[in-house]
Amino acid sequence: MQYTSNSLEEHWMPFTQNAEFKENPRLVVKSEGCYMWDHKGGKLLDGSSSLFNVACGHGRTEISTAVYEQLKINDYTPHFQMGHPGSFELAKMITRLLPEEMNHVFFANSGSEAIDTALKIVMAYNNARGDNGRMRMVSRERAYHGVNIGGVSLSGMVKNRDVFPLTMPYVATIRHTWLEENKFVKGEGEHGGVELANDLERIVQTYGANTIAACFVEPIAGSTGCLVPPKGYLKRLREICDQYGILLVFDEVITGFGRLGHAFAADAFDVTPDIMTMAKAITNGAQPMGAIAVTDTVYDTIIDAGAGAMEFFHGYTYSAHPASCAAGIATLKIYEDEKLFENAAALSEYFLDKVWTLQDIDVVKDIRGYGLMAAIDVALPDLAPGVSGMTMQKKLFWEGLHLKFTGDSGIIAPPLVATREHVDELVEKLGKGLKEAATA
Ligand SMILES: Cc1ncc(COP(=O)(O)O)c(C=O)c1O
């Protein structure tokens, strides 16, 4: 097949420079394990697990077979006032991985929908308690919570907001967790954890605790470059939320399902939120799915207030689609059978050490990382902020490495099935690309 600008024009691509792409397409036509192949025959190492979702590697026939078998038996069941067994099985499997108090899961189709659903759960919870004055949501600078209006309202990335000024009111923003003092530190930095979390108290002092419903955070901010919180940060946030009756929401769309060497960041940092969103690696990318887990307290409060009526007026036509559930069940079995969370934990030190070997390259401005995720900030000579990342991502594609950049941060997150050899190849290709770009 010939790929010309004419043949590509009809698809308006998301988060893409469409005009440039159609002049110079980068198409993937095959994928297997930790690799993908482009339409010119080049082989690419998947250095970001595609979009942090293909954690078991590509081409897992256990998943595609499960989806196919499910579609043959039962392609679709409405989920309103009826259901199919797969969603209950998957919910049970997910709750086994969650902190003890979290035993209920609601299904959506993406991370963005999961966040909007979480916002509504917060409101439904306060409504059920007759605490409707708590309208204010708190989120963080440099947060990314997806692209729906709810998620954009909570996000702290200017490019996702400045063209879309009509967002939710009543959102207060606390500080992000990047600090100069913690530059180039592996894992959690020593400085500023408690102080940064105390910024939530500033919001409490400004608006009054009884106006604040929930605090949304990614335990590690992913899309703004793996901002690992300093030591004590999440524990202190939990304390403040408890003190003032504020719900704590962890957006684990990236950090969930083994990325940090634990099932969830809640585990890694030993902090249990009231509500957790997840998506991405839940189906290994093979089917769209998002999910929201809640504690028994949140669930029971909303269900008990229902008094026999429909308790939560919310859902999607494709909530818990049978094919997505089948993909989720097959994926979670792979995680367990192949001990992939343990593999991520075991590989982490080697991975981080290797990534840190890039720190002396001139164009590298900071490196952060935890588990099997790291970010490298780059500033190429003579390029405006934001352009270096895009330039590097395209360059690396043709040099055999897929690395997702957001802004000028390259997010390194190999599949959890990766070996030391994959890590070596990844860092070698990235290092070579960075050195060339530095002198270009
Ligand atoms: C933390 C976080 N929340 C939400 C989302 C949105 O997920 P989706 O793209 O599936 O809507 C993302 C996507 O990267 C994310 O990283």
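Here the residue numbers are simple positions, counted from 1 along each chain's written sequence. Totals for whole chains, interfaces and linings use every residue, but because this is a predicted model, local features are given only for residues with pLDDT of at least 70 and side-chain atom pairs only at 80 or more, for both listing and counting.

*Asks:* Explain the packing of helix 4 (residues 61–73) against helix 13 (residues 322–337) to me, using residue names and the numbers behind them.
*Replies:* To obtain an axis, a line is fitted to C-alpha atoms, over the contacting stretch when the element is a helix, and the angle between two such axes runs from 0 to 180 degrees between their N-to-C directions. Helix and strand assignments come from DSSP, with helices taken as H or I runs of at least 4 residues and strands as E runs of at least 2, each series counted from the N terminus. Direction vectors running N to C along helix 4 and helix 13 enclose 150°, while the axes themselves pass 8 Å from each other. Accordingly, the angle class assigned to the pair helix 4 and helix 13 is roughly antiparallel. Two packed elements cross with a definite hand, and for helix 4 against helix 13 that hand is right-handed. Note on element contacts: helix 13 touches helix 4 through P322, A323, A326, A327, I329, A330, T331 and I334, opposite E62, I63, A66, V67, Q70 and L71. Of the residues that constitute the contact of helix 4 with helix 13, the class distribution is 11 nonpolar, 2 polar and 1 charged. An angle below 35 degrees is read as roughly parallel, one above 145 as roughly antiparallel, one from 65 to 115 as roughly perpendicular, and any other as oblique. Rotating anticlockwise by less than a right angle from the far helix to the near helix defines a left-handed crossing, while the corresponding clockwise rotation defines a right-handed one. C-beta atoms are first placed from the backbone for all residues, and any pair lying within 7 Å is then listed as a contact. Classification convention: Asp, Glu, Lys, Arg as charged; Ala, Val, Leu, Ile, Met, Phe, Trp, Tyr, Cys, Pro as nonpolar; all other residues, Gly among them, as polar.

*Asks:* Explain the sheet that holds strand 12 (residues 373–378) to me, and be specific about the residues and the numbers.
*Replies:* Note on pairing: DSSP must find at least two bridges between two strands before they are called paired. Taken in spatial order, the 4 strands of this open sheet run 11-12-15-14, and their pairing is antiparallel. Either end of the sheet is taken by a strand with one partner, and the two such strands are strand 11 (364–370) and strand 14 (404–406). Strand-to-strand twist of the sheet, defined as the mean angle between neighbouring strand axes without regard to direction, takes the value 25°. Alignment of strand 14 against strand 15 (residues 409–412), held across 3 bridges, turns out to be antiparallel. What sits directly across from T406, in strand 15, is S409. In the packing of helix 14 (residues 340–356) onto the sheet, the strands contacted are strand 11, strand 12 and strand 15, and the crossing angle to strand 11 comes to about 175°.

*Asks:* For helix 9 (residues 199–207), give the residues involved together with the corresponding values.
*Replies:* Each turn of an α-helix holds 3.6 residues, which means side chains three or four residues apart point in the same direction. Put simply, a residue is buried when 20 or more other C-beta atoms lie within 10 Å of its own C-beta and exposed when 12 or fewer do; between those, it is partly exposed, and each C-beta is set from the backbone. Every buried residue of helix 9 is listed here: L200, I203 and V204. The buried side chains of helix 9 occupy one side of the element, clustering within an arc of 100° when seen end-on. Structural note: helix 9 exposes R202, Q205 and T206 on the side pointing more than 90 degrees away from its buried face. On its buried face, helix 9 sits against strand 5 (136–140), strand 6 (171–174), helix 8 (193–197), strand 7 (212–217) and helix 10 (233–244). Backbone geometry just downstream of helix 9 places G208 in the positive-phi region, at approximately 95°. Each C-beta atom gives one direction from the helix axis, and the arc is the one those directions make.

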